[in-house]
Amino acid sequence: MLEKLQDQLDVDVSKLVQLSMDGPNVNWSLYKILSENLQKRVSTNFRFIHIGSCGLHTVHNAFRAGHNASEWDLGHWFSSLSWLFKDTPARREDFTTITGSTEFPLDHCAHRWVENIPVAERALKVWPHIRKFIQHMQMSKKAPRTKSFKSFQACMKIELLVAKVESFISIAKLVQTFLVKYQQEAPLLPFMAHDLLLMIQSLMQRFVTIEALSYCKSAAGLLSFDFSETKNLNAPQNVDIGFKAKKALSDIAKNVSAKDILQFRIECREFLRAVVQKLLEKSPIKCKLVRNLKWMQPKAIVEDLNGCLKQLDITLSCLVAINRVNADDCDTIKEQFLQWHTSVVSENYVFQSFDTRSQCLDALFKEHLGNNMAYAELWKVTKSLLLLSHGQA
């Protein structure tokens, strides 16, 4: 397999910087084979710059893990909605005639779970019409003998269905912003740890006590957090299930027992807890290198020189450990960073005003760092890190 890969790539494995992947075990097997080959060709300590698997796939998978933990099985409901009208023009015509609605359910995506926000929103929009359609078909004794139709008959008896879908949407939207930002080819890895931290904190605010949250202001605090401790978690009645889910719950309060509402809130908490735990277990925030790239953030270079120097030192230690940087060059690199900050960064407004939505980090560094031979060693390190993929999904 390795020989075939080398033939296709037509590249010297020793020149590879990173093996980007989306998570399956076969990717890790290939990574292991390539790593072993790399060490044989160069040295036992020479390794890829490793930041874990795709930062985007892990978010989708974490959301799926949360949904599975809640045991709501909404994915089956979404799929059943679309299958009811799939390739059945006569049924679609009957639906429109009976309900007056020309909108139909959207297809459920089983792999990129957060992309199901429009699916869930459409499902809620058409659900009243589908209920009317089902009732009409039952009364006219023309009910289809399909699994999806029988599934809807059962769903019509679930009073908490709408509240569950609203909570699903609310949680999905908390992570959607991160996915939208990082679904691009521009190098964004230096910002990822900070954005992951903010996203995880926003999720934790919904189900973790204020006191426990005070210990989670840094990535280190998050990674050491104990989710098994009940005292760290909000009581079910204090879990933030989302504004619209809360409204949906109040609309049906008279028809649902206190016990069922309590159970629903517990399931919401399990949803949130499973999402966060999976993110901390699988996302790049676990990687020491990813957590210490602040010195590559333009605004941070201007505003927090000491913090950037500390993280640059950690970055260099990580790269020295895998033989990507020579230890003898580290002092030179740090000195060049200081000189570059004084001569270029501190007097240039473009760093303070940098915006990832309209500017590219690699272009900025190339123009203000790469074109000056006085900072050659610093540029060499910076360039290798700009090559790293933050993921693509």
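Let us look at the structure shown here. Within any chain, residue numbers begin from 1 and follow the written order of that chain's sequence. In view of the model being predicted, local features appear only for residues whose pLDDT reaches at least 70, and side-chain atom pairs are presented and counted only at 80 or more, with totals across whole chains, interfaces and linings using the full set of residues. Where side-chain values are given, they derive from all heavy atoms of the structure, hydrogens and water being excluded.

The next thing to look at is the overall build of the protein chain. The helix count covers DSSP runs of H or I at least four residues long, the strand count covers runs of E at least two residues long, and both are numbered beginning at the N terminus. Broken down by element type, the protein chain carries 19 helices and 0 strands. Three exposure classes are used, based on accessible area relative to the maximum for each residue type with a 1.4 Å probe and protein chains only: buried under 20%, partly exposed in between, and exposed over 50%. Here the protein chain holds 393 residues, and 50% of them are scored as buried. In what follows, a contact means two residues having at least one pair of non-hydrogen atoms within 4.5 Å. In the protein chain, the share of contacts with a sequence separation of at least 24, taken over all contacts with a separation of at least 6, comes to 73%. Shrake-Rupley sampling with a 1.4 Å probe provides the accessible areas, and residues are treated as covered by the protein chains on show and by no other component. When the accessible surface of the protein chain is totalled, it reaches about 20,300 Å², and 50% of it is carbon and sulfur. When charges are tallied, Lys and Arg are placed among the positive residues and Asp and Glu among the negative ones, while His and the ends of the chain are skipped. The atoms used to mark charge sites are NZ of Lys, CZ of Arg, CG of Asp and CD of Glu. Averaged over its 49 positive side-chain charges, the protein chain has a centre that lies 8 Å from the centre of its 40 negative ones.

Only Phe, Tyr and Trp rings take part, Trp by its six-membered ring, and two of them pair if their centres are within 6.5 Å. Stacked means planes under 30 degrees apart, edge-to-face means over 60, and tilted covers everything else. Enumeration over the complete set of coordinates arrives at 22 aromatic pairs. Relative to F78, the ring of W77 has its centre 5.6 Å away and its plane inclined at 45°; by these criteria the two rings are tilted. Each member of the pair W77 and F78 is classed as buried. For the ring pair F78 and F168, a centre distance of 5.6 Å and an interplane angle of 65° mean the geometry is edge-to-face.

With that settled, the discussion passes to the pattern of salt bridges. Salt bridges are defined by distance alone: a side-chain nitrogen of Lys or Arg within 4 Å of a carboxyl oxygen of Asp or Glu. Enumeration according to the criterion identifies 12 salt bridges in this entry. In this structure, D107 and K86 form a salt bridge, with 4.0 Å as the shortest nitrogen-oxygen distance. Here K86 lies in the loop between α4 (74-84) and α5 (89-99) and D107 lies in the loop between α5 and α6 (117-139), a separation of 21 residues in the sequence. Using a relative accessible area of 34% as the deciding quantity, one classes K86 as partly exposed. With a shortest N-O distance of 2.7 Å, D195 and K181 are connected by a salt bridge. Here D195, found in helix α9 (residues 189-204), pairs with K181, found in helix α8 (residues 161-182); they are 14 residues apart in sequence, far enough to count as distant. Relative accessible area serves as the criterion here: at 24%, K181 is assigned to the partly exposed category. Via salt bridges that share partners, E103, R122 and K125 belong to a single interconnected network.

Bringing the nonpolar core into the picture now. Side-chain atoms within 4.5 Å are what join buried Ala, Val, Leu, Ile, Met, Phe, Trp, Tyr and Cys residues into a set we call a nonpolar core. Membership of the largest hydrophobic core comes to 119 residues, with the highest contact counts inside it found for W77, M204, W295 and W340. Counting 5 residues, the second-largest nonpolar core is a separate cluster that includes L19, L30, Y31 and L34.

A separate point is unusual backbone geometry. You will see that E71, though not glycine, has its phi angle at about 65°, which is positive. Residue position: E71 is located in the loop between α3 (57-70) and α4. Positioned with a positive phi, N323 is a non-glycine residue whose angle comes to about 60°. If you trace the backbone, N323 turns up in the loop between α15 (305-321) and α16 (330-345).

In this fold, H50 is placed in the loop between α2 (25-41) and α3. The sequence separation of H50 and G307 amounts to 257 residues, and the corresponding C-alpha distance is 23 Å.

To define axes, lines are fitted to C-alpha atoms, for helices over the stretch in contact only, and angles between the resulting N-to-C directions are given on a 0 to 180 degree scale. Running from N to C, helix α18 (residues 361-370) and helix α19 (residues 376-386) point in directions that differ by 170°, and their axes come no closer than 11 Å. By the angle class used here, α18 and α19 are roughly antiparallel. Counting all contacts with α18, which are made through L361, D362, F365, K366, L369 and G370, the residues of α19 involved are L378, W379, T382 and L386. Working definition: roughly parallel below 35 degrees, roughly antiparallel above 145 degrees, roughly perpendicular at 65 to 115 degrees, and oblique for all remaining angles.

With their axes 9 Å apart at the nearest point, α6 and α8 run at an angle of 155° to one another. Overall, the two elements α6 and α8 adopt an arrangement that is roughly antiparallel. Where α6 crosses over α8, the handedness of that crossing is left-handed. Seen from α6, the contacting residues are I117, A120, E121, L124 and W127; seen from α8, they are L161, V162, V165, E166, F168, I169, A172, K173 and Q176. All residues other than Ala, Val, Leu, Ile, Met, Phe, Trp, Tyr, Cys, Pro, Asp, Glu, Lys and Arg, Gly among them, are scored as polar; the first ten of these are nonpolar and the last four charged. Considered class by class, the residues forming the contact of α6 with α8 number 10 nonpolar, 1 polar and 3 charged. Note: crossing handedness is left-handed where the near helix turns anticlockwise from the far helix by less than a right angle, and right-handed where it turns clockwise.

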